[in-house]
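Here is how the chains run, residue by residue.
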Amino acid sequence: MNVYNYLFYKSYQLAVRSKNFDDMPVLGGIIFVVACIMYNIFTISLVLEGFGVIDISFKKEYKYPFALVLVLLILMYYLINGRYKNIVKEYEDRERELGKGIHPIFVIIAYYVISFALMLLAGLFKNGDWIFSQ
């Protein structure tokens, strides 16, 4: 969860800097976290399908309820008992000790690229293509 907390912190920083989420920067922070969690869920499901453990099909009619429920769950996780304040304070203290931190957009883009690449590899594994062909 530390990776997601750091990603949330950087997304929160980006939301505060952009001033698009002045009323609720937590929502701006979780948008990027939810997208990355969805990439990771799809990656895990593709790997499990590749090993023949389960067979999951993601139907189009369930995509909006699934995304909404995931956003609400993550929003509740960060809002209950002000958990997001503790996370932001912890990472701000770390950045003060170490000096200037990495710009939030670089962290977010790096995580998206890595997650997307892993998802593509998992898809290749599931279909038995490229280096996974027999």
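Look above for the structure.
Residues numbered from 1 in each chain as written. Predicted model: local features only at pLDDT ≥ 70, side-chain atom pairs only at ≥ 80, totals over all residues. Heavy atoms only, no water.

Trainee: Hey, could you go over the nonpolar core for me, with residue numbers and the actual values?
Mentor: Core analysis: the largest hydrophobic core is formed by 23 residues, its most contacted members being F8, V26, I30, V33, I74 and Y78. Residue assignment for this core shows that the elements contributing at least two residues are α1 (2-18), α2 (25-51), α3 (63-79), α4 (83-98) and α5 (104-127). If you tally residues by element for this core, the top one is α2, at seven residues. Those residues in contact with V26 that lie beyond four places of it in its chain are F8, Y12, L75, Y78, L79 and Y84. (Core = buried A, V, L, I, M, F, W, Y, C linked by side-chain atoms within 4.5 Å. Buried < 20%, exposed > 50% of the residue type's maximum accessible area, 1.4 Å probe, protein only. Helix = DSSP H or I, 4+ residues; strand = E, 2+ residues; numbered from the N terminus. Contact = heavy atoms within 4.5 Å.)

Trainee: Describe the packing of α1 against α4, listing the residues and the values that go with them.
Mentor: The interhelical angle for the contact between α1 and α4, taken along N-to-C directions, is 85°, at an axis separation of 10 Å. Considering the angle they form, α1 stands roughly perpendicular to α4. Each of N2, N5, Y6, F8, Y9, K10, Y12 and Q13 in α1 lies in contact with α4, whose residues at this interface are Y84, I87, V88, Y91, E92 and E95. For the contact of α1 with α4, the per-class residue count stands at eight nonpolar, three polar and three charged. (Axes fitted to C-alpha atoms, helices over the stretch in contact; angles between N-to-C directions. Parallel < 35°, antiparallel > 145°, perpendicular 65-115°, else oblique. Nonpolar A, V, L, I, M, F, W, Y, C, P; charged D, E, K, R; others polar.)

Trainee: Describe the packing of aromatic side chains, naming the residues involved and giving the relevant values.
Mentor: Following the criterion strictly, the structure yields 11 aromatic pairs and no others. Centroid distance F8 to Y12: 6.0 Å. Interplanar angle 40°. Geometry classified as tilted. On the criterion of helical spacing, the pair formed by F8 and Y12 is a turn pair, its members being four residues apart in helix α1. Both residues of the pair, F8 and Y12, count as buried. Following the ring pairs from residue to residue traces out a cluster consisting of F8, Y12, Y77, Y78 and Y84. (Phe/Tyr/Trp six-rings, centres within 6.5 Å; stacked < 30°, edge-to-face > 60°.)

Trainee: Requested: an account of α2, with residues and values cited.
Mentor: Under the 1.5 Å per step criterion, the end-to-end length of α2 is 40 Å for 27 residues, consistent within 8% with the ideal 39 Å. Remark: G52 follows α2 within two positions and exhibits a positive phi of approximately 80°. (Expected span 1.5 Å × (residues − 1).)

Trainee: Which residues make up the packing of α1 against α2, and what are the values?
Mentor: Packing of α1 against α2 leaves a shortest axis separation of 7 Å and a crossing angle of 140°. In terms of their interaxial angle, α1 and α2 are classed as oblique. Of the two possible hands of crossing, α1 and α2 adopt the one that is right-handed. For the pair α1 and α2, the contacting residues are Y4, L7, F8, S11, Y12, L14, A15 and V16 in the first and P25, V26, G28, G29, I30, F32, V33, C36, I37 and N40 in the second. For the contact of α1 with α2, the per-class residue count stands at 14 nonpolar, four polar and no charged. (Left-handed = near helix turned anticlockwise from the far one by under 90°.)

Taken by themselves, the reported measurements are silent on function.
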